[in-house]
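Remarks on the overall topology
Read off the chains here:
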Amino acid sequence: PTIFKSRESLTPEYIPDNLPHREKEIKALVSAFKHLITSPGSFSQRVLIVGSVGTGKTVTARVFGRDFTRAAKIKGYNIRYVHINCHRNRTLYNVVTEIARQLEIPLPSRGLSVKEMYDAILGYLDESDTYAIVTLDEFHYFASIAGSDAVYFIVRTYDDINASIKRLNFIFISLDTSKLSLLDSTTESYLLRHMIKLKPYTSSELFDILKYRASQAFYEGIVDDEILRFIADYEGSDRGGGGNARHAIEILLLAGDIAESEGADKIQLDHVRKAIMKTSREIINISESILYSPVHELIILWAIIRLLRRTGRPFVKMGEVEKEYEVLCEVLGEQPRRHTQIYEYIMNLKKAGVIDARTSGKGLRGRTTLISIHYGPLDLFEKHVEDLIYRRLG
Ligand code: ADP
């Protein structure tokens with residue numbers, strides 16, 4: 001039996017129906033291109049979308065393109081959406097042939113210059129009374145490889161032509177604006193005029209995204225909110241993560257695969273930890289950062305891992321850790337350190353990125369420090385820490 005209702009819906013190619021927390025950006029795109037309905041051909045729009053990896057640049061443009069052209073079609077307008085990845089198509093020649101291919105415009109396979117091909121595309125749009133929105137994704141590749149003349153050619157399509165009806169419109173997608181500064185200032189200012197900036201996702205935004213994507217991908221009851229919150233907290237930009245939705249979804253997919261391969265009927269925290277470990281090189285870095293830790297810092301770490309494993313909870317409390325630490329000290333024949341020293345060790349472990357520690361909100365019993373570990377698997381990590389302690393104690 002499978003826990004997936006639709007595993008494909010978590011793969012990178014899949015385009016979801018909705019985009020939680022990108023509604024405002026999609027509205028901005030609709031308003032930028034509404035002239036295609038209200039006064040088609042009056043001008044050629046150019047919008048720039050910037051944001052770091054996994055902020056939803058590609059999917060925002062695609063969802064906009066899909067929904068906008070669909071709605072236009074119902075009203076009888078002929079608008080096409082074209083999405084080109086410039087990582088794959090880095091030359092002007094490739095980009096222009098790709099536009100023609102996606103618009104299904106027959107071009108002779110050889111013999112035409114780029115300019116002639118481009119004119120053929122514009123001519124075809126005129127003949128068929130078609131408008132097009134062309135997205136050039138990873139545009140910074142195109143800019144740096146094809147060069148500023150090529151960028152100029154695209155961005156200023158209608159500057160040198162006397163076209164009364166302007167049919168081609170563009171969305172440019174780039175990691176940031178600094179990559180575009182090599183362009184001449186007029187071209188650059190053309191690009192910067194309409195800019196939509198996507199911020200890295202916060203933990204609570206990622207939670208909503210994961211919740212939605214998980215509801216599409218898994219049968220009910222397979223993934224608890226606690227699991228989604230754990231991933232969201234790990235990746236959220238306000239929690240020191242990258243705010244990268246791609247990474248968060250990748251972890252969820254991988255955790256599902258691991259749960260399924262282990263024959264589990266639900267996704268557990270340790271499946272997520274394994275998935276995080278597989279998607280990052282974290283455990284290697286962690287092993288290095290505790291290599292020279294004082295032995296009592298290691299014993300505290302050991303206590304944290306044991307508690308997390310035993311309780312199966314995402315967090316353990318400072319007070320619980322201290323008790324477990326005292327038990328371990330007794331087993332090892334070591335004199336336990338005092339509270340302030342323990343607290344300092346915990347802060348050191350946090351600084352080194354080995355653990356995550358934060359103050360709980362004000363609860364019934366006042367504030368407490370909540371400690372968690374996002375990578376794993378914890379059994380292997382425990383073995384590693386235990387070995388290190390026994391070696392150190394001789
Ligand atoms: P970028 O182009 O900025 O690197 P993508 O658009 O490729 O980011 O998004 C990365 C992944 O996260 C994709 O699988 C995408 O479907 C998903 N994603 C991003 N933002 C959202 C969102 N707001 N809601 C649902 N899924 C999202």
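Just so we're clear, the structure is a prediction, and the values are computed from it rather than from any experiment. (Residues numbered from 1 in each chain as written. Predicted model: local features only at pLDDT ≥ 70, side-chain atom pairs only at ≥ 80, totals over all residues. Heavy atoms only, no water.)

**Focus on the overall build of the protein chain**
Scanning the protein chain from terminus to terminus reveals 17 helices and eight strands. Relative to the 2.2 N^0.38 estimate, which gives 21 Å for 394 residues, the radius of gyration of the protein chain is 27 Å and therefore markedly larger than a compact globule would have. Its C-alpha atoms put the protein chain at 85 × 45 × 40 Å along the principal axes. Per-residue burial for the protein chain yields a buried fraction of 48% across its 394 residues. For the protein chain, restricting intrachain contacts to residue pairs at least 6 apart in sequence, the fraction spanning at least 24 positions comes to 73%. On the protein chain, roughly 19300 Å² of surface is accessible, and the fraction owed to carbon and sulfur atoms is 50%. With 53 positive and 51 negative side-chain charges, the protein chain shows a spacing of 3 Å between the two charge centroids. (Helix = DSSP H or I, 4+ residues; strand = E, 2+ residues; numbered from the N terminus. Rg over C-alpha atoms; globule rule 2.2 N^0.38 Å. Buried < 20%, exposed > 50% of the residue type's maximum accessible area, 1.4 Å probe, protein only. Contact = heavy atoms within 4.5 Å. Areas by Shrake-Rupley, 256 points an atom, 1.4 Å probe, with all protein chains shown as cover. Lys, Arg positive; Asp, Glu negative; His and termini not counted. Charge placed at Lys NZ, Arg CZ, Asp CG, Glu CD.)

**Re the packing of helix α9 (residues 203-217) against helix α11 (residues 245-261)**
One can describe the packing of α9 onto α11 by two numbers: an axis separation of 10 Å at closest approach and a directional angle of 45°. Relative to α11, the element α9 lies oblique. α9 and α11 meet at a crossing whose hand is right-handed. Residues Leu 206, Ile 209, Leu 210, Arg 213 and Ala 214 of α9 form the contact with α11, whose own contacting residues are Ala 245, Ala 248, Ile 249 and Leu 252. Each residue belonging to the contact of α9 with α11 can be placed in one class, and the counts come to eight nonpolar, no polar and one charged. (Axes fitted to C-alpha atoms, helices over the stretch in contact; angles between N-to-C directions. Parallel < 35°, antiparallel > 145°, perpendicular 65-115°, else oblique. Left-handed = near helix turned anticlockwise from the far one by under 90°. Nonpolar A, V, L, I, M, F, W, Y, C, P; charged D, E, K, R; others polar.)

**What to know about the site of the ligand**
Around the ligand, 17 residues are found, and the nearest of them are Pro 20, Gly 54, Lys 57, Tyr 201 and Arg 246. Taking Pro 20, its main chain carries an N or O atom lying 2.7 Å from a nitrogen atom of the ligand. Here Tyr 201 contributes a side-chain N or O atom positioned 2.7 Å from a nitrogen atom of the ligand. If the ligand stood free it would expose 560 Å²; the protein chains cover 95% of that surface. In this structure the site holding the ligand corresponds to the largest pocket. Those elements that place two or more of their residues in the shell around the ligand are α3 (57-74), α9 and α11. (Near = heavy atom within 4 Å. Polar contact = N/O pair within 3.5 Å; in protein donor to acceptor, adjacent residues only side chain to side chain. 1 Å grid on protein atoms, 1.4 Å probe; cavity = no way out; pocket = protein on both sides within 12 Å on 5 of 7 lines; lining within 4 Å. Sits in = over half its atoms within 2 Å of the grid points.)

**Section: the environment of Val 47**
Along the chain, Val 47 turns up in strand β1 (residues 46-51). A relative accessible area of 1% means that Val 47 is categorised as buried. The spacing of Val 47 and Glu 23 is 24 residues in sequence and 17 Å in space, taken between C-alpha atoms.

**Some details on the packing of helix α4 (residues 92-102) against helix α5 (residues 114-127)**
For the pair α4 and α5, interaxial distance at closest approach is 10 Å and the crossing angle is 25°. In this view, α4 runs roughly parallel relative to α5, as classed from their interaxial angle. Here α4 runs over α5; the crossing is left-handed. For the pair formed by α4 and α5, the contact residues are Leu 92, Tyr 93, Val 96, Thr 97, Ile 99 and Ala 100 on the first element and Val 114, Met 117, Tyr 118 and Ile 121 on the second. Each residue belonging to the contact of α4 with α5 can be placed in one class, and the counts come to nine nonpolar, one polar and no charged.

**A look at the pattern of salt bridges**
Taken as a whole and judged by the stated rule, the model has 22 salt bridges. With a shortest N-O distance of 2.6 Å, Arg 167 and Asp 126 are connected by a salt bridge. You can see Arg 167 sitting in the loop between α7 (148-155) and β4 (168-174) and its partner Asp 126 sitting in helix α5, a full 41 residues away along the chain. Overlapping salt bridges, with partners in common, bring together Arg 306, Arg 309, Arg 310, Glu 324 and Glu 382 in one network. (Salt bridge = Lys/Arg side-chain N within 4 Å of Asp/Glu carboxyl O.)

**So, the domain arrangement of the protein chain**
Here the protein chain is partitioned into domain 1 (22-198), domain 2 (201-280) and domain 3 (285-393). Taken over C-alpha atoms, the centre of domain 2 sits 24 Å from the centre of domain 3. Opposite the 11 residues of domain 2 that make contact, domain 3 presents 12 residues. The junction of domain 2 with domain 3 conceals about 1000 Å² of combined surface from both sides, 61% of it contributed by carbon and sulfur atoms. Together, Phe 230, Arg 273 and Met 277 form the three largest contributors to the area buried by domain 2 at its contact with domain 3, with a combined 44%. The interface formed by domain 2 and domain 3 contains one salt bridge. For the salt bridge of Arg 358 with Asp 233, the shortest nitrogen-to-oxygen distance reads 3.7 Å. (Domains from an automatic or database assignment. Buried area = accessible area lost by both parts, 1.4 Å probe.)

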